[in-house]
Amino acid sequence: MTTKTTYNSRQFSQPDLLNDNQVEQCPICKSTERTVDSRKAEVTCAKCGCVLEENIVDSGPEWRAFDHEQRDKRARTGAPLTYTISDRGLSTTIDNRNKDSNGRNIPEYNQAQMRRLRKWNKRLRISNAGERNLAFALSELDRESSSLGIPRSIREDASLIYRSAASMKLIRGRSIESMVASSIYMACRRNNVPRTLDEMSEVSNISKKQIGKNYRFLSRELKIKLRPTSPSDYIPRFASKLGLSGEVQSKAIEIISKAKNCGVLNGKGPTGIAATALYISSILLGERKTQRDIAEIAGITEVTIRNRYKEISEQVDLGVTL
């Protein structure tokens, strides 16, 4: 029976019996059985007790605690690197509270020195025009992403796209706001969480035409090829805003699949198809929403829904008569 011993905040077995045909024989008794004593960092022969190896290295994680507050935290490192910050989260910031590490107030004759240190710390973090523009662009990217409810992984992708464009000097001659909006739009499409140009235009105050133009420019220069957006990608978000159930979403995706097989989607906008599929499925499952409500959520007109509704109902077998 083995006993448990705490060693460097890890649990070890004492002793651990090793049975391996490839283990070298003990030079005294010729046995191949070994025991590992992690507390003493030794490997010994299980029969005669001869020390075969000492000062063995603990290959486990180096859990460390530097004060009583960190003792129960199983953390090995600090915050991860992120592309959404201009310095990728590597720099430090001097606190503004005028208190030392123990929480005591800093003497007045040292506060002026601390102010100078903070000022130079900020200056050194952003030392040239390129870094200042990048810091502004990433703060704008974070603001727009928060307004659109974009997850962290897609923000990282959008930041990486913008950094690639900046390193290739593609930002020159174009507004930072429009290139940020185009980077977010591209990242959303690449991760199958698309946002409409109307939504991008609303949060960035940039015209849809300009965002689309810069998006095509980035796609061409960065050699990022994206497939056309599928109407099914818009269904979960539109349905969530409309308060529709999962059954309605599944039925809408089924209608889109049938419409695709019939060729109804050719040349049609994906948001119009998605909105119409939700409108039809909500009627079929008794959770009816008005065309106006759906059109406002999708950013299209009621006329578009009526036109797509007529095309789908005529060419797609829905199983029932609407």
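What counts, and at which threshold
Residues numbered from 1 in each chain as written. Predicted model: local features only at pLDDT ≥ 70, side-chain atom pairs only at ≥ 80, totals over all residues. Heavy atoms only, no water. Salt bridge = Lys/Arg side-chain N within 4 Å of Asp/Glu carboxyl O. Helix = DSSP H or I, 4+ residues; strand = E, 2+ residues; numbered from the N terminus. Buried < 20%, exposed > 50% of the residue type's maximum accessible area, 1.4 Å probe, protein only. Contact = heavy atoms within 4.5 Å. 1 Å grid on protein atoms, 1.4 Å probe; cavity = no way out; pocket = protein on both sides within 12 Å on 5 of 7 lines; lining within 4 Å. Points joined across faces, edges and corners; volume = space filled by probe spheres on them. Nonpolar A, V, L, I, M, F, W, Y, C, P; charged D, E, K, R; others polar. Core = buried A, V, L, I, M, F, W, Y, C linked by side-chain atoms within 4.5 Å. Axes fitted to C-alpha atoms, helices over the stretch in contact; angles between N-to-C directions. Parallel < 35°, antiparallel > 145°, perpendicular 65-115°, else oblique. Left-handed = near helix turned anticlockwise from the far one by under 90°. Phe/Tyr/Trp six-rings, centres within 6.5 Å; stacked < 30°, edge-to-face > 60°. Lys NZ or Arg CZ within 6 Å of the ring centre and 35° of its normal.

Things to note about the pattern of salt bridges
Under the defined criterion, the tally for this structure stands at 15 salt bridges. Measuring nitrogen to oxygen at the nearest pair gives 3.4 Å for the salt bridge that ties Lys258 to Glu254. Residue Lys258 and its partner Glu254 are located together in helix α8 (residues 246-261), separated by 4 residues, close to a single helical turn. Using a relative accessible area of 29% as the deciding quantity, one classes Lys258 as partly exposed.

Some points on the environment of Ser86
If you trace the backbone, Ser86 turns up in the loop between β6 (51-54) and α1 (108-125). Here Ser86 falls in the partly exposed class, since its relative accessible area comes to 26%. With 46 residues separating them in the primary sequence, Ser86 and Arg132 have C-alpha atoms 8.6 Å apart. Look past the residues within four positions of Ser86 in its chain and what remains in contact with it is Leu134, Ala135, Leu138 and Arg163.

Describing the layout of surface pockets
Its volume calculated, the largest pocket comes out at about 420 Å³. Secondary-structure elements contributing two or more residues to the lining of the largest pocket are α4 (176-190), α8 and α9 (270-284). Looking at side-chain class alone, the lining of the largest pocket contains 9 nonpolar, 7 polar and 5 charged residues. Here the second largest pocket defines a volume of roughly 250 Å³. Along the wall of the second largest pocket there are 13 residues; nearest its centre are Gly130, Asn133, Ala166, Ser167 and Ile171. At the level of elements, α2 (129-148) and α3 (152-167) are the ones that each hand at least two residues to the lining of the second largest pocket. Residues that form the lining of the second largest pocket fall into these classes: 7 nonpolar, 3 polar and 3 charged.

Examining the nonpolar core
Core analysis: the largest hydrophobic core is formed by 31 residues, its most contacted members being Tyr162, Val180, Ile184, Met200 and Leu218. Within the residue set of this core, elements represented by two or more residues are α2, α3, α4, α5 (197-204) and α6 (208-221). Per-element tally for this core: the top contributor is α4, with 9 residues. Those residues in contact with Met200 that lie beyond four places of it in its chain are Glu144, Leu148, Ala181, Ile184, Tyr185, Arg195 and Ile211. Ranked by size, the runner-up nonpolar core spans 28 residues in total, among them Leu242, Leu265, Ala277 and Leu318.

Looking at the packing of helix α7 (residues 235-242) against helix α10 (residues 291-298)
Following both chains from N to C, one finds α7 and α10 inclined at 125 degrees, their axes separated by 10 Å at the closest point. In terms of axis orientation, α7 runs oblique to α10. Of the two elements, α7 crosses α10, and the hand of that crossing is right-handed. From α7, Phe238, Lys241 and Leu242 reach across to α10, where they touch Asp293, Ile294, Ile297 and Ala298.

Quick word on the packing of aromatic side chains
In total, this model carries 3 aromatic pairs according to the counting rule given. Measuring from ring centre to ring centre gives 5.7 Å for Tyr279 and Tyr309, while their planes differ by 70 degrees; the resulting arrangement is edge-to-face. One end of the pair, Tyr279, is in helix α9; the other, Tyr309, is in helix α11 (residues 302-315), and 30 residues separate them in sequence. What makes Tyr309 partly exposed here is its relative accessible area of 22%. Over the ring of Phe217 we find Arg174; its NZ or CZ atom is 3.7 Å from the centre of that ring.

Observations concerning the packing of α4 against α5
It is at 10 Å that the axes of α4 and α5 come closest, and there the two elements cross at 145 degrees. Helix-helix and strand crossings are classified by hand; for α4 and α5 the assignment is right-handed. Mapping the contact onto sequence places Ala181, Ile184 and Tyr185 in α4 and Leu197, Met200 and Ser204 in α5. Residue composition of the contact of α4 with α5, by class: 5 nonpolar, 1 polar and no charged.

So, to be careful, I would describe these as geometric facts and stop short of saying anything about function.
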